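Results of the structural survey
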Amino acid sequence: MRKRLAALLLAALTAWVLLLAPGCAAPAGDVPGRTAVPGPRPPEGGGLRSSRVESEARPLSDEEILDAYSRAETLYAWFDLEPLPGAGPAVVTDGALYRQVDREGIQTMEDLRTCLRAVFSQDLTERLLDTGGDIPLYRDIEGVLCVTGNGRDRLPGKGGVQSWVERSEEGDYTVSVTVDLLDEDGAVTGLEYWSFPYEFEEDRWVFTEFRLVY
């Protein structure tokens with residue numbers, strides 16, 4: 001019971017941290033073209049193994065999981081689509097121009113890591129922070145979070161996106177996503193399918209694998 005209560009308190013604390021850190025929030029409309037589709041309802045009893053109910057976490061609603069997916073899209077885009085904006089004088093490090101990240105609530109590498117760990121696993125978080133290799137996309141320069149590099153365009157030939165939640169009998173969650181594939185005239189020619197596991201790891205629900213579908 002104490003472990004169960006601790007998990008619930010931690011979930012509430014994570015939500016409170018996201019509210020206090022506006023830089024981590026995912027504003028509505030950041031993901032154009034995506035439509036959330038309600039998935040199947042959980043089986044009777046919540047669908048969680050008794051051991052998980054006792055020691056790990058409560059069942060989640062579709063709305064909670066899809067909201068986490070929306071936040072994950074926004075955060076992942078900072079590494080794969082459009083980096084956080086930079087401002088101020090440029091600093092040359094390892095031949096790259098870096099500027100201080102200009103986003104309220106994200107001034108240090110630890111701030112950025114905290115945002116990522118709210119929705120991604122530890123392993124996936126570290127992989128994202130390693131983006132750029134020897135010339136990382138984000139780096140700490142004298143205690144200040146700095147950014148380099150440019151964004152990219154959305155992938156051509158991608159249209160409407162739909163997402164929904166699927167549950168296994170063991171109580172695991174997956175966000176399934178379909179993307180319309182378009183020809184040069186904008187007509188739908190096919191469908192692309194992705195799935196992203198949402199798992200309880202250590203002390204929180206996180207995506208253990210993720211990518212942008214556009």
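What you are looking at is a predicted structure, and each value in this text was computed from that prediction instead of being measured. (Residues numbered from 1 in each chain as written. Predicted model: local features only at pLDDT ≥ 70, side-chain atom pairs only at ≥ 80, totals over all residues. Heavy atoms only, no water.)

1. Here's the deal with the pattern of salt bridges
The condition is simple: Here, a salt bridge means any Lys or Arg side-chain nitrogen found within 4 Å of an Asp or Glu carboxyl oxygen. We count a stretch as a helix when DSSP gives it H or I for four or more residues in a row; a strand needs E for two or more, and each element gets its number in order from the N terminus. When a residue's accessible area, from a 1.4 Å probe over protein chains only, is under 20% of the maximum for its type it is buried; when over 50% it is exposed; and in between it is partly exposed.
Here the structure, examined in full by the defined rule, presents 12 salt bridges. Between glutamate 110 and arginine 113 there is a salt bridge whose closest N-O contact spans 3.6 Å. A residue pair is termed a helical-turn pair when its members lie 3 or 4 positions apart in one helix, as glutamate 110 and arginine 113 do in helix α4 (residues 109-117) at three residues. Owing to a relative accessible area of 23%, arginine 113 belongs among the partly exposed residues under this scheme. Linking glutamate 192 and lysine 158 is a salt bridge whose minimum nitrogen-to-oxygen distance equals 3.0 Å. Placement of glutamate 192 in strand β8 (residues 188-201) and of lysine 158 in strand β6 (residues 158-167) is noted, with a sequence separation of 34 residues between them. Overall, the relative accessible area of 22% leaves glutamate 192 in the partly exposed class.

2. Quick word on the packing of helix α3 (residues 62-80) against α4
Under the convention used in this document: Orientation is described by lines fitted to C-alpha atoms, with helices fitted over the stretch in contact, and by angles between N-to-C directions that extend from 0 to 180 degrees. Geometric relationships in this document are graded by angle, where less than 35 degrees denotes roughly parallel, more than 145 denotes roughly antiparallel, 65 to 115 denotes roughly perpendicular, and other angles denote oblique. For a crossing to be left-handed, the near helix must be turned anticlockwise from the far one by less than a right angle; the clockwise case is right-handed. The contact definition used throughout considers only heavy atoms, calling two residues in contact when any of these lie within 4.5 Å. Each residue is assigned to one of three groups, with Ala, Val, Leu, Ile, Met, Phe, Trp, Tyr, Cys and Pro labelled nonpolar, Asp, Glu, Lys and Arg labelled charged, and all others, Gly among them, labelled polar.
In the contact formed by α3 and α4, the axes pass within 9 Å of each other and the chain directions differ by 130°. As summarised for this structure, α3 and α4 are arranged oblique, according to the angle between their axes. Both α3 and α4 take part in a crossing whose hand is left-handed. When α3 is examined against α4, the residues Leu75, Trp78 and Phe79 are found in contact with a partner set consisting of Leu112, Cys115 and Leu116. Each residue belonging to the contact of α3 with α4 can be placed in one class, and the counts come to six nonpolar, no polar and no charged.

3. Looking at the pairing of strand β9 (residues 204-207)
What counts, and what does not: Two strands qualify as a pair provided DSSP detects at least 2 bridges between them.
Pairing of β8 with β9 involves four bridges; the strand directions are antiparallel. The residue bridging tyrosine 198 from the neighbouring strand is phenylalanine 207, located in β9. Counting the residues between successive antiparallel strands, the hairpin from β8 to β9 contains two residues, one of them, glutamate 202, with a positive phi of roughly 60°.

4. Observations regarding the sheet that holds strand β3 (residues 96-101)
Reading across the sheet, the four strands line up as β2-β3-β5-β4 and stay open at both edges, with antiparallel pairing between neighbours. Two strands bound the open sheet, and with one partner strand each, they are β2 (86-93) and β4 (138-141). Between one strand axis and the next, the sheet turns by 40° as a mean value, whatever way the strands run. Of the strands in this sheet, β4 and β5 (144-147) touch α4, which is tilted by about 145° from β4.

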